[in-house]
Amino acid sequence: ATYIDRSLNESEDPPLTDEDRGWWAFQTPVRPPLPGIKATDRARTPIDQFLLARLEKKQISFSDEVDRATLLQRAYMDLVGLPPSIGEVRRFEQDPDPLAFERRIDQLLGSPAFGQRWARRWLDSVGYTDVEGVDNDADIIKYLEGKWRYRDYVVDALNSNMPHDQFLREQLAGDELVDWRSVERYTPEISRHLVATGFLRQAGDSTGSPELNTADIRTRVLLNTVQAVTSNLLGVTLHCAQCHTHKFDPISQADYYRVIAIFAPAFNSQKWKHVKVRHLFTVSAQEKAAIDAHNAEQQKQADRAGAEIKSIRDASRARLLEMKTALIPEPVREDFQAAVATPAENRNEVQKYLVEKLAALVKIEPAEVEGALDESARQRIAELNSSIGQLQAAKKSYQQVEALWEFAAAPTQYLFRRGEFEKPGPAVPAGVVRVMDRGEQPFVIPPAAADAVTSGYRRAFAEWLTEPHHPTTARVYVNRIWQRYFGRGIVETTDNFGISGMQPSHPQLLDWLARDFVDNGWDVKRLHRMIVTSSVYRQASEAGVEVSAAEEIDPENILLWRMPLRRLEAEIIRDRTLATSGVLQDQLGGPPVPVLPRADSSVVIDIAKLSRKADQYRRSLYILARRNYHLTQLDVFDQPVLSLNCTQRNSSSVVQQSLNMLNSQFLFDQAGLFADRVRREAASSSSSDQIERAFELALCRQPADEEMTLCSDFLARQEQQVQAEGGQSAEMAQRVALEALCQMLLNTNEFLYVR
């Protein structure tokens, strides 16, 4: 299409007003002074001071602290997604050290499970999947080899406490930050930077299918990538300006296409790499060429050895054929040989008859060929086969990396009139949202060197985004961490800090957290530690029997006068179930666990494709991630459908959840494994000891007297019912009853919620 050769008009790029610039989210965060409070004994961290100051204005305060056992469970489930053992709970309860909780928090933050737990939350906001395309067919899984390396990158970055600004720069522009094109061998740093750009490879890309490799779908991949990036990192609805200037926020249509131009060089629709070839490798181009040459030589030698083996066997076969042919009567022998040599479709009737009647006489089975070999031939074949095995074993390998990089000159980006790519308007240079470009280092793209092989646009964008005075980057991140601990962000609309979003409930606290985060080196674990060691985090979640003044003043708990009750996410419910039954496989990293869609619309682990059967019990983070068709156990508990990305999960309560926990084969199997573990680990075979051990494993506590009585009665009734209905032995009835008790514990709210 022919573009319009004119400047941007005022509707496309309106001037900014002081009112536009005055919106709180577009102001650089400034560290406010800590407010004075009366209840100084309740403040452990600055977080508490900001919250208590608001509460005291309403003449209310924090709730009582939760008991130690519940607090430790809360920290374990929040930080590592797995429950503590009863031994760990008891040691914590008896630890007199006033900093005992802080020490446990440091241990959890140092655990590899921390990265596994929190990676899932980042991957949600990225829109991570292991498949290509939009994933609209349940039965067709288009697995994209190598995408899992990005998932492992995120886990490693969190566990190593990579500064968040570095984390963002590597993901946005890792390929522009290291010289990977000319090196002979990748260093671990280069490999990490390339894998990190998988961040930008999460949009559904269907262009691997020739019929879908069209300009509109190519363009959509670019637009969706930018939408995921900006909703995740900037906290604005930039995509609303695709067709016209934003109706609420001071974001122009030109701003939208300025940001599109940042990413267009890597997603150039005119010089497109479709999804099946858009990958690098785990080795450099030079190393790959050397490996390919080495492997080709190994294969050449193996083929030569294979040809010699074939020659030896062909000679043996020829001798056998000659012997068998000699047994055919001489008058027809020559005619039969001529018939065999003639292609079947060209044989005359006589030749067809001869072949039909006599072919069986000269048929040679492979075993006959081997049997006719002399000892020297057999020995030579054995030597050659051994050589082939050694040659194949000596081959080297490399794997794919789903990375992003530029491979052509930056294209001119045009504003799309009415948002339609077929209607290019005026050219728009690469840039950023103007109302946010107000730090000490405004956005600028350094001039490219004469020998530059990349535009540098994304690197400049990453540097601008992580500039210490950027108005939203730190705010968005600390708000999202806060939301995942307390169920609601300080800004409830976690991906929309604009005028149409919610105002912050505690604006000074948000700015203090953002400023403190940046001023302390973007230290992610320090941020987590500050939150979970605060007094607000240590509050009880249960409201009293009587309606308190706090409930009347703040019924929605916006001011956090108690700790919110939160249901565990889908993945953590499954992981906790596996941990309770004792089968959880907790190793780090690697390719995803395959899944199998079934005719009844359920999705299960594809056990037939597992290299180790135990891999079906890996943490849910490692289950193959699809856009639309999740493992049923995860789907019913709101694992999000990722048409794009998800910055805040829903937490529904629907009947399918109860039905799944009561009737799914997964829960039946886990209850059986749980019961087996109880029988192994209980102090004795008595029902009271088994009940006690079941409570310890499932709920990290011992049963109360009333619970012990109820469970004992339940086991007795179940045993009687099983024996009466099926004529089972007493031992089998006890086994079935214990499995029912174990399944009941897995269904309790105490198991499914963080208190």
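What comes next is a walk through the structure. Along each chain, residues carry numbers from 1 onward, in the same order as the chain's sequence is written. Note on the predicted model: pLDDT of at least 70 is required for a residue's local features to be given, and 80 or more for side-chain atom pairs to be given and counted; whole-chain, interface and lining totals, by contrast, use all residues. Note that the side-chain values use all heavy atoms of the structure and ignore hydrogens as well as water.

Points about the overall build of the protein
- Comment: elements are numbered from the N terminus, with helices defined as DSSP H or I runs of at least four residues and strands as E runs of at least two. Assigned secondary structure in the protein consists of 29 helices and eight strands.
- Judged by the C-alpha coordinates and their principal axes, the protein covers about 120 × 90 × 45 Å.
- Type-normalised accessible area, obtained with a 1.4 Å probe on protein chains alone, sets the label of each residue: buried when under 20%, exposed when over 50%, and partly exposed for intermediate values. Expressed as a percentage of the 755 residues in the protein, the buried residues total 53%.
- A total accessible area of about 34,200 Å² is found for the protein, and carbon and sulfur atoms account for 51% of it.
- Charge counting treats Lys and Arg as positive and Asp and Glu as negative, with His and both chain ends excluded. Positions of charges follow a simple convention, taking NZ of Lys, CZ of Arg, CG of Asp or CD of Glu. Measuring between centres, the 90 positive side-chain charges of the protein sit 2 Å from its 105 negative side-chain charges. Per-residue accessibility takes into account occlusion by the displayed protein chains alone, with areas from the Shrake-Rupley method and a 1.4 Å probe.

Structural notes on the nonpolar core
- Nonpolar cores are built from buried Ala, Val, Leu, Ile, Met, Phe, Trp, Tyr and Cys residues. Side-chain atoms within 4.5 Å join them into one set. Within the largest apolar cluster, 134 residues are counted, with the highest numbers of intra-cluster contacts made by Leu-79, Trp-122, Leu-172, Phe-263, Trp-482 and Leu-513.
- At eight residues, the largest contribution of residues to this core is made by helix α18 (residues 473-486).
- Sequence-distant contacts of Leu-513, that is, excluding residues within four places in its chain, are made with Ile-47, Val-478, Trp-482, Ile-490, Leu-527 and Met-530.
- In terms of nonpolar packing, the next biggest core, distinct from the first, is built from 41 residues, Leu-568, Val-593, Phe-674 and Ala-675 among them. In what follows, a contact means two residues having at least one pair of non-hydrogen atoms within 4.5 Å.

With respect to the packing of helix α26 (residues 687-699) against helix α27 (residues 705-726)
- Running from N to C, α26 and α27 point in directions that differ by 115°, and their axes come no closer than 10 Å. Along this stretch, α26 crosses α27, giving a crossing that reads as right-handed. Residue-level inspection shows Ser-687, Ser-688, Ile-691, Glu-692 and Phe-695 of α26 in contact with α27, the latter providing Glu-707, Met-708, Cys-711, Ser-712 and Leu-715.
- Each residue gets one of three labels, nonpolar for Ala, Val, Leu, Ile, Met, Phe, Trp, Tyr, Cys and Pro, charged for Asp, Glu, Lys and Arg, and polar for the others, Gly among them. Among the residues forming the contact of α26 with α27, the class breakdown is five nonpolar, three polar and two charged. The axes used here are C-alpha line fits, helices contributing only the stretch in contact, and every angle between their N-to-C directions lies in the interval 0 to 180 degrees. Here is the rule for handedness: rotate from the far helix to the near one, and if that takes an anticlockwise turn smaller than a right angle the crossing is left-handed, while a clockwise turn gives right-handed.

Some words on unusual backbone geometry
- Not every positive phi belongs to a glycine, and Gln-59 is a case in point at roughly 60°.
- Relative to the helices and strands, Gln-59 is located in the loop between α2 (46-57) and α3 (68-79).
- One non-glycine residue, Leu-560, adopts positive backbone phi at about 60°.
- Residue placement: Leu-560 occurs in the loop between α21 (549-553) and β5 (566-567).
- The class for Leu-560 is buried, based on a relative accessible area of 5%.

Thoughts on the side chain of Asp-78
- Structurally, Asp-78 can be placed in helix α3.
- The definition of a polar contact used here is a pair of N or O atoms within 3.5 Å, where within protein one atom must be able to donate a hydrogen and the other to accept one, and adjacent residues in sequence count solely through side-chain atom pairs. At 2.6 Å, the side chain of Asp-78 and the side chain of Tyr-537 are in polar contact.

Re helix α14 (residues 349-358)
- Buried within α14 are the following residues: Gln-351, Leu-354, Val-355 and Leu-358. Around the axis of α14, the buried residues are gathered within 95° of arc, so they sit on the same side. The outward face of α14, more than 90 degrees from its buried face, is lined by the exposed residues Glu-349 and Glu-356.
- On the buried face of α14, the contacting elements are α13 (330-341).
- At the N-terminal end of α14, a side-chain oxygen is found 3.1 Å from the backbone nitrogen of Val-350, two or three residues along, and the residue is Asn-348. By arc we mean the arc of the directions from the helix axis to the C-beta atoms, nothing more.

Quick notes on the packing of helix α5 (residues 100-109) against helix α20 (residues 524-532)
- Running from amino to carboxyl end, α5 crosses α20 at an angle of 145°, the nearest separation of the two axes being 11 Å. Two packed elements cross with a definite hand, and for α5 against α20 that hand is right-handed. Contact residues: Phe-101, Glu-102, Ile-105, Asp-106 and Leu-109 in α5; Lys-525, His-528, Arg-529 and Val-532 in α20.
- Among the residues making up the contact of α5 with α20, the classes are represented as four nonpolar, one polar and four charged.

Observations concerning the pattern of salt bridges
- A pair is scored as a salt bridge if a Lys or Arg side-chain nitrogen falls within 4 Å of a carboxyl oxygen belonging to Asp or Glu. According to the stated counting rule, one finds 56 salt bridges in the structure shown.
- As a salt-bridge pair, Glu-542 and Arg-755 come within 3.1 Å of each other at their nearest N and O atoms. Separated by 213 residues along the polypeptide, Glu-542 in the loop between α20 and α21 and Arg-755 in the segment after β8 (753-754) bring together distant segments of the chain.
- Within the structure, one salt-bridge network assembled from shared partners comprises Arg-31, Arg-515, Asp-516, Asp-519 and Arg-526.

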